[in-house]
Amino acid sequence: AVGSLGVTVAGGNNAGNASNQLSWPSAVYVDKNENVYISDTDNSRIQMWAKGATSGVTVAGGNGK
């Protein structure tokens, strides 16, 4: 049925701190350009995933607690 299947748009590569991984994501925001921002709690960073991207870009934090 339509809407019964999801598509992974960020993460999905086990927990970790590489640009294509997340560790304890706790919040998500999607902007008007369909970029996905994720609060990556255990990595103390916010990752932005552009539409169709296979990895994220750290836009805030990422330098430890």
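Residues numbered from 1 in each chain as written. Predicted model: local features only at pLDDT ≥ 70, side-chain atom pairs only at ≥ 80, totals over all residues. Heavy atoms only, no water.

### Quick notes on a nonpolar patch on the surface
Move 1: A cluster of nonpolar side chains, Ile46, Val57 and Val59, forms an exposed patch at the surface whose accessible area comes to about 230 Å².
Move 2: Here Val57 shows up in strand E4 (residues 57-61). (Patch = residues over 30% accessible without salt bridge, like charges linked within 9 Å, V, L, I, M, F, W, Y side chains within 5 Å. Areas by Shrake-Rupley, 256 points an atom, 1.4 Å probe, with all protein chains shown as cover. Salt bridge = Lys/Arg side-chain N within 4 Å of Asp/Glu carboxyl O. Helix = DSSP H or I, 4+ residues; strand = E, 2+ residues; numbered from the N terminus.)

### As for the pattern of salt bridges
Move 1: The tally for this structure, following the rule as stated, stands at 2 salt bridges.
Move 2: For Glu34, the salt bridge is made with Lys51, and the minimal N-O distance between the two is 2.9 Å. Taken together, the residues Glu34 in the loop between strand E1 (25-30) and strand E2 (36-40) and Lys51 in the loop between strand E3 (45-49) and E4 connect sequence positions 17 residues apart.

Just geometry here; none of it tells us what the structure is for.
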